[in-house]
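Summary of structural features
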Amino acid sequence: MLLSGRIPKHIGIIMDGNGRWAELRGLPRIEGHRRGAERAKEVIEAAAEIGIKALTLYAFSIENWQRPSSEVMTLMKLLEFYLKKELSELMAKDMVFKTIGEIWRLPEDIQNLIRDAEEKTALNKGVTLIIALSYGGRNEILRAVKKILSSDVRPEELTEESFDSFLDTAGLPAPDLIIRTSGEMRISNFLLWQGAYSELYFTDTLWPDFTKDELLIAIRDYQMRERRFGAIVTRSDAP
Ligand code: IPE
Ligand code: IPE
Ligand code: MG
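For every chain, the first residue of the written sequence is number 1, and numbering continues from 1 along that sequence. Chain letters and ligand numbers both follow the written order, the letters beginning at A and the numbers at 1. In keeping with the predicted nature of the model, local features appear solely for residues at pLDDT of at least 70, side-chain atom pairs appear and are counted solely at 80 or more, and the whole-chain, interface and lining totals rest on all residues. The basis for every side-chain value is the complete set of non-hydrogen atoms in the structure, without hydrogens or water.

1. Let's talk about the site of ligand 1
Stated precisely, the cut-off is as follows: Each residue is tested against the molecule or strand, and it is near if at least one of its non-hydrogen atoms lies within 4 Å. Contacts described as polar in this section are N or O atom pairs within 3.5 Å, which, within protein, must combine one atom able to donate a hydrogen with one able to accept it, while residues neighboring in sequence count only if both atoms come from side chains. For each structure, a 1 Å grid was placed over the protein atoms alone; sets of points admitting a 1.4 Å probe that cannot get out are labelled cavities, open sets with protein on both sides within 12 Å along at least five of seven lines are labelled pockets, and lining residues have an atom within 4 Å of a point. Whether a molecule lies in a cavity or pocket depends on its atoms, and more than half of them have to be within 2 Å of the grid points. Where helices and strands are cited, they refer to DSSP runs of H or I of at least four residues and of E of at least two residues respectively, numbered from the N terminus.
Not every one of the 13 residues close to ligand 1 is listed here, only the nearest: Asp16, Gly19, Arg20, Arg29 and Arg67. Asn18 is positioned such that a nitrogen or oxygen atom in its backbone is 3.2 Å from an oxygen atom of ligand 1. A distance of 2.9 Å is found between an oxygen atom of ligand 1 and a backbone nitrogen or oxygen belonging to Gly19. More than half of the atoms of ligand 1 fall within 2 Å of the grid points belonging to the largest pocket. For the shell around ligand 1, the secondary structure elements donating two or more residues are α1 (18-24), α2 (29-50) and α3 (69-92).

Laid out in structure tokens, this is it:
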């Protein structure tokens, strides 16, 4: 699968619509999450083939804790299943695994699995896979501010670059492209600081129906965008 043109270094995906996918089929919501997790696997593989350096998947927001405990519990079980099952695959693909968010709020056995996967994959050289879990952009910024206040950084030393290093995403490039499925046109607290200049791509497709081909369509759309970052683009063919 070769794609010519500018490949985004970092893609963020708000994987939305699992519940509606299941409800449309008269299935319990968890079936949508199950199918969604399989789609995530496919997209992770595709990202590696395409040559993306970092992929952030929004899997569970800090606001998602408000859902019924039965749904939260089944989501945690699903997460545990994949963390156990996929570590060998991550190693085989030379991928680096990271998480962002308030990981300490997750069940302890899941925290252990995450720590293990992060440690074992830390020195790998391939794609960095970041899973946003118990994550909220505002919460992340607030935690960064608290870290700064308890550090010895002086206000005059603080820059956008140094602030970056206090975020959960420290060391990662900002997302070039953020994709959201399911027709909702909002950011829902995802990568608020990092996404300041991300290109946004919205599709009506529900996450469990999102395919590699649609990822390629999103990237082609991104390749047509003119990223100006507030400046003026000078074209070589300008009069
Ligand atoms: C996204 O699907 C997955 C999570 C938020 C965990 P939803 O569960 O939000 O599905 P919809 O939006 O209700 O269809
Ligand atoms: C955003 O989806 C969070 C994830 C995809 C994990 P939600 O379904 O929770 O967002 P809202 O409630 O529609 O904004
Ligand atoms: Mg949703």
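2. As for the site of ligand 2
The test is simple: Each residue gets one of three labels, nonpolar for Ala, Val, Leu, Ile, Met, Phe, Trp, Tyr, Cys and Pro, charged for Asp, Glu, Lys and Arg, and polar for the others, Gly among them.
Every residue near ligand 2 is listed here: Ile14, Met15, Asp16, Tyr58, Ala59, Phe60, Ser61, Asn64, Arg67, Arg180, Arg186 and Ser188. Measuring from an oxygen atom of ligand 2, one finds a side-chain N or O atom of Arg180 at 3.4 Å. One can see that ligand 2 is located within the largest pocket. The class makeup of the residues in the shell around ligand 2 is five nonpolar, three polar and four charged.

3. Quick word on the nonpolar core
Applied cut-off: Remark: nonpolar core denotes a set of buried residues (Ala, Val, Leu, Ile, Met, Phe, Trp, Tyr, Cys) joined through side-chain atoms within 4.5 Å. Summary of the burial criterion: residues with accessible area below 20% of their type's maximum are buried, those above 50% are exposed, and those between are partly exposed, where the area comes from a 1.4 Å probe applied to protein chains only. Should any heavy atoms of two residues lie within 4.5 Å, those residues are considered in contact.
Ranked by internal contacts, the top residues of the largest apolar core, which has 42 residues, are Ile11, Ile13, Leu55, Leu57, Leu129, Ile179 and Leu215. Elements with a contribution of two residues or more to this core: β1 (10-14), α2, β2 (54-61), α3, α4 (108-121), β4 (128-135), β5 (177-180) and α7 (212-224). Among the elements that line this core, the one with the most residues is α3, at seven residues. Excluding residues that lie within four positions of it along the chain, Leu57 makes contacts with Ile13, Met15, Ala40, Ile44, Leu129, Ile130, Ile131 and Ala132.

4. Overview of the layout of surface pockets
Here the idea is plain: a probe the size of a water molecule rolls over the atoms and shows the empty space left. Rule in force here: Grid points are joined across faces, edges and corners, and a volume is the space filled by probe spheres set on the points.
Volume-wise, the largest pocket comes out at about 1,100 Å³. If you trace the largest pocket, you find 44 residues lining it, with Met15, Asn18, Tyr58, Ala59 and Phe60 closest to the centre. Going through the elements one at a time, α1, α2, β2, α3, β3 (96-100) and β4 are the ones with two or more residues in the lining of the largest pocket. Per-element tally for the lining of the largest pocket: the top contributor is α3, with nine residues. Of the residues in the lining of the largest pocket, the class split is 23 nonpolar, nine polar and twelve charged. By volume, the second largest pocket is sized at about 390 Å³. Around the second largest pocket, the lining is made up of 20 residues, and of these Asp164, Ala174, Trp193, Gln194 and Ala196 lie nearest the centre. Top element by residues in the lining of the second largest pocket is helix α6 (residues 160-164). It accounts for three residues.

5. With respect to the sheet that holds β5
We count it as follows: Strands were regarded as paired on the criterion that DSSP finds at least two bridges between them. Angular values range over 0 to 180 degrees, each being the angle between N-to-C directions of two axes fitted as lines to C-alpha atoms, with helices fitted over their stretch in contact.
Taking strand neighbours across the sheet as the criterion, the six strands line up as β3-β4-β2-β1-β5-β6 in an open arrangement whose pairing is parallel. The outermost strands of the open sheet, each flanked by one partner alone, are β3 and β6 (199-202). Each adjacent strand pair in this sheet contributes to an overall mean axis angle of 20 degrees, direction not counted. Of the strand pairs in this sheet, β1 and β2 are connected by five bridges, and their pairing is parallel. By the bridge assignment for β2, His10 is matched with Ala54. Against the sheet, α4 contacts β3 and β4, and its axis sits at roughly 140 degrees relative to β3.

6. Regarding the pattern of salt bridges
Using the following cut-off: A carboxyl oxygen of Asp or Glu within 4 Å of a side-chain nitrogen of Lys or Arg is what we treat as a salt bridge.
Tallied over the entire structure, the rule returns 27 salt bridges. In this structure, Lys84 engages Glu80 in a salt bridge whose closest nitrogen and oxygen atoms are separated by 3.1 Å. Within this pair, Lys84 and its partner Glu80 are both found in helix α3, separated by four residues, close to a single helical turn. Residue Glu80 is classed as buried on the basis of its relative accessible area of 13%. One salt bridge in this structure joins Arg154 and Glu157, with 3.3 Å as the shortest N-O distance.

7. Some points on α3
Short version of the rule: Here the expected span of a helix is defined as 1.5 Å times the quantity of residues minus one. One axis is fitted to the seven residues ending at the residue and one to the seven starting there. The bend at that residue is the angle between these axes.
Look at α3: 35 Å from first C-alpha to last across 24 residues, which is about the 34 Å you get at 1.5 Å a residue. Of all the bends found along α3, the most pronounced is centred on Glu86 and spans about 45 degrees. Within the sequence span of α3, burial applies to Glu71, Val72, Leu75, Met76, Leu78, Leu79, Glu80, Tyr82, Leu83, Glu86, Leu87 and Leu90. Of the surrounding elements, those touching the buried residues of α3 are α2, β2, β3, α4 and β4.

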